[in-house]
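# Secondary and tertiary structure notes
Single-letter residue listing:
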Protein chains: 2
Amino acid sequence: MEMQLPAKEDLYGGVVVEMKENMDPDVFHALLKTSKLQWKLQGKKGVWIKLPINLVNLVETAIKEGFWYHHAEPKFLMLADWLPETTSTLPGNATHIARVGAIVLNDKQEILVVQEKLGGKTEVWKISTGILKQGEDIHVGVVREVKEETGVSFKPLLCISIIDTEFVEVRAFSQEHDVFFGKSEVLFLCMMRPLSFDIQIQETEIKAAKWHKEHGINEFD
Amino acid sequence: MEMQLPAKEDLYGGVVVEMKENMDPDVFHALLKTSKLQWKLQGKKGVWIKLPINLVNLVETAIKEGFWYHHAEPKFLMLADWLPETTSTLPGNATHIARVGAIVLNDKQEILVVQEKLGGKTEVWKISTGILKQGEDIHVGVVREVKEETGVSFKPLLCISIIDTEFVEVRAFSQEHDVFFGKSEVLFLCMMRPLSFDIQIQETEIKAAKWHKEHGINEFD
């Protein structure tokens, strides 16, 4: 019988255990203890254990053997431990959310503004903004956000026209802390060129969009 | 006896349960089932459960009741569930790491370059770079990184002089995906003014720093 957990070496003197098959928690416990001892003797540093959510029955065992939570995504939990007597140099978790804001100007120098359906500021006319999905490019995400925010239908036959846009450039960015879950945010303010202009619906009780003269920006959030 | 888990309402029609005291997993199970039923009847949407690492014995119960991992930090795990029959609109996890790079120019138009001690490219002279800590401002983190990378002592009496710098501006940024743990990175390239100039040690086997004429940038990574 295999007396050690299956582990791969990483580039920094550590090992990575990716659990895939279910295992009796007592067997896991015994293997983990033996493995840690051997890794220590081998001078290994960081140890990573990736547990898919269906192996949640092994989480408690690993924590009791000294592991801690490094990060999690909906379908897995990443546990970590640092074997030497020195301070851990394991990299941290992701720290930022990336938000994009779209300045869409038409040839009359009108700016595209929307009203949000949810949240505390539903009366405010504002530019389209949204959070990038994992792995999404800024110039792709900002086009998607404008399209989504100007094209959502809330009642039959009351669909706001979709505004398609073309990314021009990032004009400015800002950084803000503790936005949610203690994480920071970088906002990229993008100049966008509209490829369609026809907004038919301006329902103020539903999510709405309109072209607005750039004067009087005190209306904006 | 309290027949429901202590929960606070959030601004989006959901509830947040922050577990602090230990609880028997069977009691937790019964309370969680009753609570979910009541929250559903009340029309609640997202449910969050924050479990500190010392309550790891409750994780399995929550997952079996339909919760999933939302995110984790070393000392806690955040679980989430979505009660309505609609698609979850819960916000995602943090997606980005923020890295800073420092272009430090002295009045001879020489640029500060360093060699890293660890990693695959220890022979390469490069500008100081580093990852922002959670909650750290770009202009603060970049000063810290230059100072750390030019001030580390590896042998007694062989301390490289610390270079203090002043932040001038972010000159450029870039975005890269799947940098580690599937997360993306934004790099902010900062112009920095040195406040000290005196580098005494140029040991190539240890981490080193030097002023370099801007010609011949093919030396850089």
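Scroll up a little and you will see the structure.
Owing to the predicted nature of the structure, the values given are computational and were not obtained by experimental measurement.

## Side note on the relation of the copies chain A and chain B
- Note on the identical chains: chain A maps onto chain B by a rotation of 180° and an axial translation of 0.1 Å, with an RMSD of 0.1 Å. In short, the pair behaves as if placed about a two-fold rotation axis.

## Brief notes about the interface of chain A and chain B
- Each side of the interface is counted separately: chain A has 44 residues, and chain B has 46 residues.
- Of the roughly 4,000 Å² buried between chain A and chain B on both sides combined, carbon and sulfur atoms contribute 66%.
- Taken as a group, Tyr69, Gln134 and Phe181 of chain A account for 18% of the area that chain A buries against chain B, more than any other trio of residues on that side.
- Where chain A meets chain B, there are two salt bridges.
- For Glu73 of chain B, the salt bridge goes to Lys183 of chain A, with nearest N and O atoms at 2.7 Å.
- Our count for the contact surface shared by chain A and chain B stands at 25 residue pairs in polar contact (both at pLDDT 80 or more).
- Of all the elements in the fold, those that place two or more residues in the side of chain A that touches chain B are helix H2 (59–64), strand S4 (68–73), strand S5 (76–82), strand S6 (96–104), strand S10 (165–180) and strand S11 (183–194) of chain A.
- For the side of chain A that touches chain B, the leading source of residues is S4 of chain A, giving six residues.
- In the side of chain A that touches chain B, the residues fall into 25 nonpolar, 13 polar and six charged.

## A short note on the environment of Gln38 of chain B
Residue and element names in this part refer to chain B.
- Of note, Gln38 is situated in helix H1 (residues 25–41).
- For the pair Gln38 and Gln4, spaced 34 residues apart in sequence, the C-alpha to C-alpha distance is 8.4 Å.
- Filtering out sequence-adjacent residues up to four positions away, Gln38 remains in contact with Met3 and Gln4.

## Description of the side chain of Thr95 of chain A
- Inspection of the secondary structure puts Thr95 of chain A in the loop between S5 and S6.
- Judged by its relative accessible area of 5%, Thr95 of chain A falls in the buried class.

## Focus on helix H1 (residues 25–41) of chain A
All names here are of chain A.
- Along its 17 residues, H1 runs 24 Å from first to last C-alpha, staying within 8% of the 24 Å computed at 1.5 Å per residue.
- Looking at H1, one finds that the buried residues are Phe28, Leu31, Leu32, Ser35, Lys36 and Trp39. All buried residues of H1 project into a common sector of 135° when viewed along the axis, lining one side. In H1, the exposed residues that point more than 90 degrees away from the buried face are Asp26, Leu37 and Leu41.
- In the core, the buried residues of H1 are packed alongside strand S2 (15–18), strand S3 (46–52), H2 and S5.
- A side-chain oxygen of the first residue of H1 lies 2.8 Å from the backbone nitrogen of Asp26; this N-cap is Asp24.
- Among the residues trailing H1, Gly43 stands out with phi positive, at a value near 75°.

## Section: unusual backbone geometry
- Residues other than glycine seldom take positive phi values, yet Gln109 of chain A does so here, at roughly 60°.
- Looking at the element boundaries, Gln109 of chain A is found in the loop between S6 and strand S7 (110–115).

The rules behind each value
Residues numbered from 1 in each chain as written. Chains lettered and ligands numbered in written order. Predicted model: local features only at pLDDT ≥ 70, side-chain atom pairs only at ≥ 80, totals over all residues. Heavy atoms only, no water. Least-squares fit on C-alpha atoms with pLDDT ≥ 70 in both. Contact = heavy atoms within 4.5 Å. Buried area = accessible area lost by both parts, 1.4 Å probe. Salt bridge = Lys/Arg side-chain N within 4 Å of Asp/Glu carboxyl O. Polar contact = N/O pair within 3.5 Å; in protein donor to acceptor, adjacent residues only side chain to side chain. Helix = DSSP H or I, 4+ residues; strand = E, 2+ residues; numbered from the N terminus. Nonpolar A, V, L, I, M, F, W, Y, C, P; charged D, E, K, R; others polar. Buried < 20%, exposed > 50% of the residue type's maximum accessible area, 1.4 Å probe, protein only. Expected span 1.5 Å × (residues − 1). Arc of directions from axis to C-beta.

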